[in-house]
Amino acid sequence: NAGVIQTPRHKVTGKGQEATLWCEPISGHSAVFWYRQTIVQGLEFLTYFRNQAPIDDSGMPKERFSAQMPNQSHSTLKIQSTQPQDSAVYLCASSFTGGTGQLYFGEGSKLTVL
Amino acid sequence: GDKVKQSPSALSLQEGTNSALRCNFSIAATTVQWFLQNPRGSLMNLFYLVPGTKENGRLKSAFDSKESYSTLHIRDAQLEDSGTYFCAADDTNAYKVIFGKGTHLHVLP
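I will try to describe carefully the structure that is included in this document. In this text the structure is predicted, and so the values were computed from the model without any measurement.

**Observations concerning the pairing of strand β9 (residues 83-91) of chain B**
Residue and element names in this part refer to chain B.
Okay, step 1: The buried fraction of β9 amounts to nine of the nine residues, a majority that puts the element mostly inside the structure.
Okay, step 2: As paired strands, β9 and strand β11 (residues 103-108) are joined by three bridges and run antiparallel to one another. Considered in β11, the bridge of Y85 is made with T103.
Okay, step 3: Where β9 and strand β10 (residues 96-99) come together, four bridges link them in antiparallel fashion. The partner of A89 across the bridge, within β10, is I98.

**Side note on the state of the cysteines**
Residue and element names in this part refer to chain B.
Okay, step 1: Enumeration according to the criterion identifies two disulfides over all chains in this entry.
Okay, step 2: Each disulfide pairs two cysteine sulfurs, and for C23 the partner residue is C87, the sulfurs being separated by 1.7 Å. Handedness of the C23-C87 disulfide follows from its S-S torsion of about 50°: it is right-handed. Here the residue C23 occupies a position in strand β3 (residues 19-25), and C87 occupies one in strand β9, the gap between them amounting to 64 residues. This pair shows no difference in class: C23 is buried, exactly as C87 is.

**Overview of the interface of chain A and chain B**
Okay, step 1: With 20 residues of chain A at the contact, the number on the chain B side is 17 residues.
Okay, step 2: Overall, the association of chain A and chain B removes approximately 1,600 Å² of surface from exposure, summing both partners, and the carbon and sulfur fraction of that is 50%.
Okay, step 3: In terms of surface lost to chain B, no three residues of chain A exceed A:L43, A:T100 and A:Q102, which account for 33% of the buried area on that side.
Okay, step 4: Here chain A and chain B share six residue pairs in polar contact (both at pLDDT 80 or more) between them.
Okay, step 5: Top contributing element to the side of chain A that touches chain B by residue count: strand β5 (residues 42-50) of chain A, with four residues.
Okay, step 6: Of the residues belonging to the side of chain A that touches chain B, the class tally is eight nonpolar, eight polar and four charged.

**Re the pattern of salt bridges**
Okay, step 1: Enumeration according to the criterion identifies six salt bridges over all chains in this entry.
Okay, step 2: Residues A:E107 and A:R9 are paired through a salt bridge, measuring 2.8 Å at the closest nitrogen-oxygen approach. Within this pair, whereas A:E107 is found in the loop between β10 (104-105) and β11 (109-113), its partner A:R9 is found in the loop between β1 (5-7) and β2 (10-13), the two being separated by 98 residues in sequence.
Okay, step 3: Taking the relative accessible area as the measure of exposure, A:R9 reaches 30% and is therefore partly exposed.
Okay, step 4: Between B:R40 and A:E107 there is a salt bridge, with its nearest N and O atoms 3.4 Å apart. Placement of B:R40 in the loop between β4 (32-37) and β5 (43-49) and of A:E107 in the loop between β10 and β11 is noted, with the two residues assigned to different chains.
Okay, step 5: A residue is classified by how much of its surface remains accessible, and A:E107, at 33% relative accessible area, is partly exposed.

**Some details on the sheet that holds strand β8 (residues 69-74) of chain B**
Residue and element names in this part refer to chain B.
Okay, step 1: Judged by pairing direction, the sheet is antiparallel, and its five strands sit side by side in the order β1-β3-β8-β7-β6 without closing on themselves. One side of each edge strand has no neighbouring strand; the edge strands of this open sheet are β1 (4-7) and β6 (52-56). The mean angle between the axes of side-by-side strands here comes to 15°, regardless of whether they run parallel or antiparallel.

**Some remarks on the side chain of B:S19**
Residue and element names in this part refer to chain B.
Okay, step 1: Mapped onto the elements of the fold, S19 is located in strand β3.
Okay, step 2: Residue class for S19 comes out buried when judged on its relative accessible area of 14%.
Okay, step 3: Not counting residues within four places of it along the chain, the set of residues in contact with S19 comprises L11, L13, L72, H73 and I74.

**Thoughts on the sheet that holds strand β7 (residues 65-71) of chain A**
Across a sheet, paired strands are connected by hydrogen bonds in the backbone, their directions being either parallel or antiparallel.
Residues and elements named next belong to chain A.
Okay, step 1: Within the open sheet, the four strands sit side by side as β1-β3-β8-β7. Their pairing is antiparallel. Bordering the open sheet on either side are β1 and β7, each of which pairs with just one other strand. On average, each strand axis in the sheet is inclined to that of its neighbour by 20°, with strand direction left out of account.

Here is what the cut-offs are and how they apply
- Residues numbered from 1 in each chain as written.
- Chains lettered and ligands numbered in written order.
- Predicted model: local features only at pLDDT ≥ 70, side-chain atom pairs only at ≥ 80, totals over all residues.
- Heavy atoms only, no water.
- Buried < 20%, exposed > 50% of the residue type's maximum accessible area, 1.4 Å probe, protein only.
- Helix = DSSP H or I, 4+ residues; strand = E, 2+ residues; numbered from the N terminus.
- Pairing = 2+ DSSP bridges.
- Disulfide = S-S within 2.5 Å.
- Contact = heavy atoms within 4.5 Å.
- Buried area = accessible area lost by both parts, 1.4 Å probe.
- Polar contact = N/O pair within 3.5 Å; in protein donor to acceptor, adjacent residues only side chain to side chain.
- Nonpolar A, V, L, I, M, F, W, Y, C, P; charged D, E, K, R; others polar.
- Salt bridge = Lys/Arg side-chain N within 4 Å of Asp/Glu carboxyl O.
- Axes fitted to C-alpha atoms, helices over the stretch in contact; angles between N-to-C directions.

Taken by themselves, the reported measurements are silent on function.
Structure, rendered in structure tokens:
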């Protein structure tokens, strides 16, 4: 089992550009989560999907951030018009049972907005 | 306030010694998870607990749902135990997992 796979591992963008981050969950897991980690805020929940359906996006900034799960093998987090304050490590996790099940994390995508 | 509070926030200990990390909850949690984030940034599962205890090598964790806390005991600390330890509890009202802010552990040679 390859674990949760996130790409790219590092991304540098200029202010105002778009960034798309990818996550491939563990095969057979029904839930996918996105978190953002910064020194100041720690680990922040962004959104999660179960069986590809969006369940809770209460942590997503209302503007510029969107997430999709078009099929059971991948999810994307898109940030439009990136700003320096979007710089963070974005972590994806999957779970076999859903919202409160054991989480398995990918290695994260470090986004730097210049 | 924080729904999941970890203590201490940082800790240094000598190789070979023992320590305990604690996590207190202000939510009605039914499960607790402990993770170690290594210097590369990877979050590794350590334990997934219902009320009770689990042990894995030099690590032992306990979860008391009635008193709303969990502990992680590290025995005979090694250099590779260094990193940030996170606990996370399920908020059954919100049906999601809430993370603490972590304990930064530095094991000294």
